[in-house]
Amino acid sequence: METKRNYNLINLSKKYPNKWLALSRDHKKVVGVGSSLKEASMHSKGRDVVFLKMLPTNSYYMPSTM
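All of these numbers come straight from a predicted model, not from anything done at the bench.

## Side note on the overall build of the protein chain
Helix and strand counts for the protein chain come out as two helices and three strands. For the protein chain, the N- to C-terminal ordering of α and β elements is α-β-β-α-β. When contacts within the protein chain are restricted to residue pairs at least 6 apart in sequence, those whose partners lie at least 24 apart make up 41%.

## What about the confidence of the model for the protein chain?
Within the protein chain, residue pLDDT values average 85, and 91% of them lie at 70 or more. Ranking the elements of the protein chain by mean pLDDT puts helix H1 (residues 10-15) last, at 84, and strand S2 (residues 30-34) first, at 94.

## Examining the environment of lysine 29
Summarising the element assignment, lysine 29 is placed in the loop between strand S1 (20-24) and S2. A sequence separation of 26 residues divides lysine 29 from leucine 55, and the C-alpha atoms of the two residues are 18 Å apart. Beyond its immediate stretch of four places on either side in the chain, lysine 29 contacts Ala22, Leu23 and Ser24.

## A look at the nonpolar core
Where a protein is soluble and globular, its nonpolar side chains tend to be buried together. Listed in full, the five residues of the largest apolar core are Leu12, Tyr16, Leu21, Leu23 and Met54. Apart from the residues within four sequence positions on either side, leucine 21 is in contact with Leu12, Tyr16, Val30, Gly32, Val33, Val50, Phe51, Leu52 and Met54.

## A closer look at the environment of serine 44
Relative to the helices and strands, serine 44 resides in the loop between helix H2 (37-43) and strand S3 (49-53). The class of serine 44 is buried, set by a relative accessible area of 2%. Between the C-alpha atom of serine 44 and that of leucine 23, which follows or precedes it by 21 residues, the distance is 8.5 Å. If near-sequence neighbours (up to four positions away) are discounted, serine 44 is found in contact with Ala22, Val31, Gly32, Val49 and Phe51. A polar atom in the side chain of serine 44 sits 2.7 Å from the backbone oxygen of serine 41.

## Comments concerning the sheet that holds S3
Across the sheet, which stays open at both edges, the three strands sit in the order S2-S1-S3 with antiparallel pairing between neighbours. The open sheet has two edge strands with one neighbour each: S2 and S3. This sheet shows a mean twist of 20 degrees between the axes of neighbouring strands, independent of strand direction. Strand direction decides the pairing type here: S1 and S2, joined by four bridges, are antiparallel. Residue alanine 22 lies in a different strand from S2, and its bridge partner there is glycine 32.

About the thresholds
Residues numbered from 1 in each chain as written. Predicted model: local features only at pLDDT ≥ 70, side-chain atom pairs only at ≥ 80, totals over all residues. Heavy atoms only, no water. Helix = DSSP H or I, 4+ residues; strand = E, 2+ residues; numbered from the N terminus. Contact = heavy atoms within 4.5 Å. pLDDT = per-residue confidence, 0-100. Core = buried A, V, L, I, M, F, W, Y, C linked by side-chain atoms within 4.5 Å. Buried < 20%, exposed > 50% of the residue type's maximum accessible area, 1.4 Å probe, protein only. Polar contact = N/O pair within 3.5 Å; in protein donor to acceptor, adjacent residues only side chain to side chain. Pairing = 2+ DSSP bridges. Axes fitted to C-alpha atoms, helices over the stretch in contact; angles between N-to-C directions.

Below you can see the structure in the form of structure tokens.
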């Protein structure tokens, strides 16, 4: 059974506001950054990564159901 983990992404949101990030599978290393998903993908050079869109630092995300 896979354990779910919470990752602290606050430092990344301050360093890369409003950018797409390509993170290593363990979420510990940034392997690509871009203004678009395509650009972040090109910088990751085909590695096995997880993509994440960082929000601007002056915004927030609140999930909801309808």
